[in-house]
Amino acid sequence: MPLDAPKLNSLGFAKPPSETRVVVAMSGGVDSSVVAAQLASEGYDVVGVTLQLYDHGAALAKKGACCAGIDIHDARRVAEDMGFPHYVLDYENIVRDAVIDEFADSYLGGATPVPCIRCNERVKFKDLLETARDLDADCMATGHYIQRKMGAAGPELHSAADAARDQSYFLFSTTPEQLAYLRFPLGHLSSKAETRALAARHGLVVADKPDSQDICFVPDGNYAAVIEKLRPGAAEPGEIVHADGRVLGRHEGVIHYTIGQRRGLGIGGLSEPLYVVKLDVEAKRVVVGPKEMLSTRTIPVREINWLGDARFTSREEWPVSVKVRSTRPPREAVIRPISDTEAEVELLSPEEGVSPGQACVFYETEGSRILGGGWIWRGH
């Protein structure tokens, strides 16, 4: 760097923090509150924005979620205490159209959707990011635990320093253009305790607030109840069938089951443990079988967002590691591109319970970089 090059501030801009406007996406939780407070204390021109994502009345009585009710109140209080403006935007209709309807339809189709990824992709990093631009912000910051690092070809996405908090699985669809505008100030922290210590240092009212656990529009994790409300008549009864054709019992709706499920099948008295291996929605059948039927090495993936430096189709194979569920560690694999947005992933060792509707996220085998990912489907 030349000696006379202007010094960059902590967000990467060659100007003082006071001249750098940053919109902070505030959910009302401790993570995004710390981001906003820390940037405000550093002298940045902070604007807090909270999205109301679902019914405000229902949210007031619901604990463990985010983005509505008491959380809006908490975000507003943090902004007041730290002295920066705060806005609440009603995104209920946008979320319903962009996230919730697809969630219901894919669940009814026998898939296991991950709506938080779609919300990041279609709402927070799309509409909210455009709002930040409309507010003349230089960048948008969030409380996600992931790192943005500058590489030879531009900004790169990397796993969080704290593997236990890493949210890369939910952010694989972040595009290079979005990544250029986004900042993730918590990604380098070693633990959640460090975040809470920063909250206490800033005197934030949310310093000890519990983390959100549920999908915001799914109270108590009861997916089936939400689907029945969104799609009346969806919980139609049918047969529980063994993979060999034996009828083992009845169920009260395919939507009550997920691939890999063992408990709660209601077919006791069998000599071997059985797992859900297929959901036949059209026939209203839940197909069960032994655990080995869940193992697979070949995964069809589509809607790929590629974050590598070279074009995705420039190679016949990409040696990587992949995650097929957020709670599982990466497994070594080979990606074989079919097009810019479709590929076949071959795992070097079999994985159990790979389910359509989940994401398959690509990682460097050696290192922390996220190379993108896509959506698992049934294939042709």
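Residues numbered from 1 in each chain as written. Predicted model: local features only at pLDDT ≥ 70, side-chain atom pairs only at ≥ 80, totals over all residues. Heavy atoms only, no water.

**A look at the nonpolar core**
Among the nonpolar cores identified, the biggest contains 48 residues, and Val123, Met140 and Phe217 are the most heavily contacted of them. The leading source of residues in this core is helix H4 (residues 92–108), at 7 residues. Setting aside residues no more than four positions away along its own chain, Met140 makes contact with Val22, Val23, Lys124, Phe125, Leu128, Leu129, Ala132, Tyr181, Leu182 and Arg183. Counting residues in hydrophobic clusters, the runner-up holds 28 residues, among them Val24, Val35, Ala37 and Leu189. (Core = buried A, V, L, I, M, F, W, Y, C linked by side-chain atoms within 4.5 Å. Buried < 20%, exposed > 50% of the residue type's maximum accessible area, 1.4 Å probe, protein only. Helix = DSSP H or I, 4+ residues; strand = E, 2+ residues; numbered from the N terminus. Contact = heavy atoms within 4.5 Å.)

**Regarding the pairing of strand E2 (residues 45–52)**
Among the 8 residues that make up E2, 7 are buried, leaving the element largely enclosed by the rest of the structure. Bridge count between strand E1 (residues 21–25) and E2: 5 bridges; the pairing is parallel. If you follow Val23 over to E2, its bridge partner there is Val47. In this region the chain leaves E1, passes through helix H1 (residues 30–41) and returns to the parallel neighbour E2; the handedness of that crossover is right-handed. Alignment of E2 against strand E3 (residues 86–90), held across 5 bridges, turns out to be parallel. Bridged to Val49 within E3 is Tyr87. (Pairing = 2+ DSSP bridges. Right-handed = clockwise from strand over helix to strand, strands pointing away.)

**Quick look at the packing of aromatic side chains**
Centre distance and the angle of the planes are the two values used to describe a pair of aromatic rings. As enumerated under the stated definition, the model contains 7 aromatic pairs in all. Residues Phe103 and Tyr107 carry aromatic rings whose centres are separated by 5.8 Å and whose planes lie at 40 degrees to one another, so their mutual orientation is tilted. Here Phe103 and its partner Tyr107 are both found in helix H4, 4 residues apart, which amounts to about one turn of the helix. Residues Phe103 and Tyr107 agree in their burial class; the two are buried. With centroids separated by 4.9 Å and ring planes inclined at 40 degrees, the aromatic side chains of Trp306 and Phe312 adopt a geometry described as tilted. Residue classification places Phe312 among the buried residues on the basis of a relative accessible area of 2%. Stacked on the ring of Tyr181, the Lys or Arg Arg133 has its end atom at 4.1 Å from the ring centre. When the ring centre of Tyr145 is taken as origin, the NZ or CZ atom of Arg165, which lies over that ring, is 5.4 Å away. (Phe/Tyr/Trp six-rings, centres within 6.5 Å; stacked < 30°, edge-to-face > 60°. Lys NZ or Arg CZ within 6 Å of the ring centre and 35° of its normal.)

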